[in-house]
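Geometric and topological summary
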Amino acid sequence: MQLGMVGLGRMGANIVRRLLRAGHECVVFDVNPASVQQLANEGAAGATSLDEFVQLLRPPRAAWIMVPAGAPTEDCVQHLAARMQADDAIIDGGNSYFKDDVRRAAVLKSRDIHYLDVGTSGGIWGIERGYCLMIGGDATAVERLRPIFEALAPSESEAPPTPGRNRPQSTASQGWLHCGPSGAGHFVKMIHNGIEYGLMQAYAEGFDILRNASAPDVYPDHRYTIDVADVAELWRRGSVVGSWLLDLTASALAEDPSLSEFTGFVRDSGEGRWTVMAAVEEAVPADVLTTALYTRFRSRQEHTFAEKMLSAMRHKFGGHVEQPTGG
């Protein structure tokens, strides 16, 4: 099957490579000509412009967009749609806000162009492990692109079906799922990333407690010098907290037990915020996910005005003096 890919960053390029390995035909375009040439050297058909990109695709066309969410995706969808025809399909595989998907799909439907939102998880490892695909949009277009989704998703050997599960019509055990109409794919991926924030924060806090078990403030008989790299490696075997995230944590600690190359400045890519917004709209308590998001905000600041105010109030009502740094 033929698929076009716009955006050849790490994810986009590796998706193309996995499809080429599976015998599919790929047409590629990126604003960086060197990225296009690299994939052309590996067997893809390279395009030097969006016009050429669309011309190289056979109707009904399928063009996958893998560019940053927001304005870059919006512009790309509009420019592609202006060059496409009825029954063509545009697939947004990035991390767009699901409400933007609903709007875009409605606009393109008026021109009989299919729009699929595909939440794509797998990161830089997806080329080998496969990608978990959460898909929203028209069922007819999803079925037409089934060979692409099957090639990109992990095989059942990666994770055998859950014992007792009897859902023969579902593709979930194959690593891809049509989650519902437009926006549903990115909605599920949004919550996936919100959960990811919470899991990462739980690991981070737990290992921080382990690392500080020898702190001077701890009663001497209760101090322990814990090798956190060894604990991470231990927990990978038979522990209920084992996961791929823990595997990656153990790898990072094996390379640098003190994590000295990192400052602790943690960005958020939008999905965590949108998850919290959805929780508010649904009146669903999301304490852990919200706290994990706020912790990322805090990581990007020095002492805040609020913290200074707390210190000032403690001083005023109780004469409490701030400890010197390191004291």
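So, here is what we can say about the structure in this document. (Residues numbered from 1 in each chain as written. Predicted model: local features only at pLDDT ≥ 70, side-chain atom pairs only at ≥ 80, totals over all residues. Heavy atoms only, no water.)

Considering the pairing of strand β1 (residues 2-6)
A regular strand places its side chains on the two faces of the sheet in alternate fashion. Put simply, the rule reads: Burial classes follow relative accessibility: with a 1.4 Å probe on protein chains only, a residue under 20% of its type's maximum area counts as buried, one over 50% as exposed, and anything between as partly exposed. Helix and strand assignments follow DSSP, with helices taken as H or I runs no shorter than four residues and strands as E runs no shorter than two, numbered in order from the N terminus. When DSSP finds two or more bridges between a pair of strands, those strands are recorded as paired. Orient the strands so they point away from the viewer; a crossover is then right-handed if the path from the first strand over the helix to the second runs clockwise.
Among the five residues in β1, five count as buried, and that is most of the element. The side-chain alternation of β1 yields two buried faces, one formed by Gln-2, Gly-4 and Val-6 and the other by Leu-3 and Met-5. In this structure, β1 lies alongside strand β2 (residues 25-29), joined through five bridges in parallel fashion. Its bridge partner being in β2, Leu-3 is matched across the sheet by Cys-26. In this fold, β1 hands off to helix α1 (residues 10-21), which returns the chain to β2; that crossover is right-handed. For β1 and strand β4 (residues 62-65), the ladder comprises three bridges, and the chain directions are parallel.

Examining the pattern of salt bridges
Basically, it comes down to this: Here, a salt bridge means any side-chain nitrogen of Lys or Arg that lies within 4 Å of a carboxyl oxygen of Asp or Glu.
Enumeration over the complete set of coordinates arrives at 19 salt bridges. Residues Arg-236 and Asp-247 are paired through a salt bridge, measuring 2.8 Å at the closest nitrogen-oxygen approach. Of this pair, Arg-236 sits in the loop between α10 (228-235) and α11 (244-255) while Asp-247 sits in helix α11, placing them eleven residues apart in sequence. You can call Arg-236 partly exposed: its relative accessible area is 36%. Sharing partners across several salt bridges, the network here consists of Glu-74, Asp-92, Asp-100, Asp-101, Arg-103 and Arg-104.

Some details on the state of the cysteines
As used in these notes, a disulfide is a covalent bond between sulfur atoms, one from each of two cysteines. To keep it simple, the criterion reads: The disulfide criterion is simple: two cysteine sulfur atoms within 2.5 Å.
Tallied over the full model, the rule gives zero disulfides. For Cys-26, which is in no disulfide, the shortest distance to another cysteine sulfur is to Cys-76 and amounts to 16 Å. On the basis of relative accessible area, Cys-26 is assigned to the buried category, the value being 3%. Among the cysteines around Cys-179, which has no disulfide bond, Cys-132 carries the closest sulfur, lying 8.5 Å off.

Some remarks on the sheet that holds strand β6 (residues 114-121)
To keep things clear, this is the line we draw: Contacts are assigned to residue pairs with any non-hydrogen atoms lying within 4.5 Å of each other. For helices, the fitted line uses only the C-alpha atoms of the stretch in contact; every axis is such a line through C-alpha atoms, and the angle between N-to-C directions lies from 0 to 180 degrees.
If you trace the eight strands from one edge of the open sheet to the other, you get β3-β2-β1-β4-β5-β6-β7-β8, paired in mixed fashion. On the outer flanks of this sheet lie β3 (45-46) and β8 (176-180), each paired with one strand and no other. Pairing of β6 with strand β7 (residues 132-136), which is carried by five bridges, proceeds in the antiparallel orientation. Its bridge partner lying in β7, Ser-121 is registered against Cys-132. Sheet contacts for helix α9 (residues 184-211): β5 (89-92), β6, β7 and β8; angle to β6, the most-contacted strand, approximately 20°.

Topic: the packing of α9 against α11
Test applied: An angle below 35 degrees is read as roughly parallel, one above 145 as roughly antiparallel, one from 65 to 115 as roughly perpendicular, and any other as oblique. Definitions for this section: a left-handed crossing has its near helix turned counterclockwise from the far helix by less than a right angle. A right-handed crossing has that turn clockwise.
For the pair α9 and α11, the least separation of the axes is 11 Å and the interaxial angle reads 45°. Regarding the angle of α9 to α11, the classification is oblique. Read as a crossing pair, α9 and α11 show a hand that is right-handed. Counting all contacts with α9, which are made through Leu-199, Met-200, Tyr-203 and Phe-207, the residues of α11 involved are Leu-245, Leu-246, Thr-249 and Leu-253.

A few points about the environment of Arg-300
Locating Arg-300 in the fold gives a position in the loop between α13 (287-299) and α14 (305-318). With residues up to four places along the chain from it excluded, the contact list for Arg-300 reads Phe-265, Val-266, Arg-267, Asp-268 and Arg-273.

Let's talk about the packing of aromatic side chains
The cut-off we apply is this: Aromatic rings from Phe, Tyr and Trp, taking only the six-membered ring of Trp, are treated as a pair when their centres fall within 6.5 Å; an angle between ring planes under 30 degrees marks them as stacked, one over 60 as edge-to-face, and anything in between as tilted. We call a charge positioned above a ring when the Lys NZ or Arg CZ atom is no farther than 6 Å from the ring centre and deviates by at most 35 degrees from the ring normal.
Evaluated as defined, the whole model comprises six aromatic pairs. A network of ring pairs unites the aromatic residues Tyr-97, Phe-98, Phe-187 and Trp-274 as a single cluster. In this structure, Arg-129 is placed above the aromatic ring of Trp-244, and the distance from its NZ or CZ to the ring centre is 4.2 Å. Positioned over the ring face of Tyr-197 is Arg-296, at 3.7 Å from the centre of the ring.

Considering α10
Quick note on the threshold: Arc, as used here, means the arc of the directions from the helix axis to the C-beta atoms. Pairing of N or O atoms within 3.5 Å defines a polar contact, subject to two protein rules: one partner must be a possible hydrogen donor and the other a possible acceptor, and residues neighboring in sequence count only if both atoms are side-chain atoms.
The set of residues buried in α10 consists of Val-228, Ala-229, Val-231 and Ala-232. Along the axis of α10, the buried residues cluster in a sector spanning 160°; they form a single face. In this structure, α10 carries Asp-230 and Leu-234 as exposed residues pointing more than 90 degrees from its buried face. Looking at the buried positions of α10, the neighbouring elements they touch are α9 and α11. You can read the cap of α10 off the contacts: a side-chain oxygen lies 3.1 Å from the backbone nitrogen of Ala-229, and it is on Asp-227.

Some words on the nonpolar core
So the rule is basically this: Nonpolar core, defined: a set of buried Ala, Val, Leu, Ile, Met, Phe, Trp, Tyr and Cys residues in which side-chain atoms within 4.5 Å join the residues together.
Counting residues in hydrophobic clusters, the biggest one holds 32 residues, and the most contacted among them are Trp-64, Leu-133 and Phe-149. Per element, the largest residue contribution to this core is five residues, and it comes from α1. Look past the residues within four positions of Phe-149 in its chain and what remains in contact with it is Trp-64, Leu-116, Val-118, Leu-133, Ile-135, Val-142 and Trp-176. Among the nonpolar cores identified, the runner-up in size contains 21 residues, and Ile-65, Cys-76, Val-77 and Ala-105 belong to it.

By themselves these figures say nothing about function.
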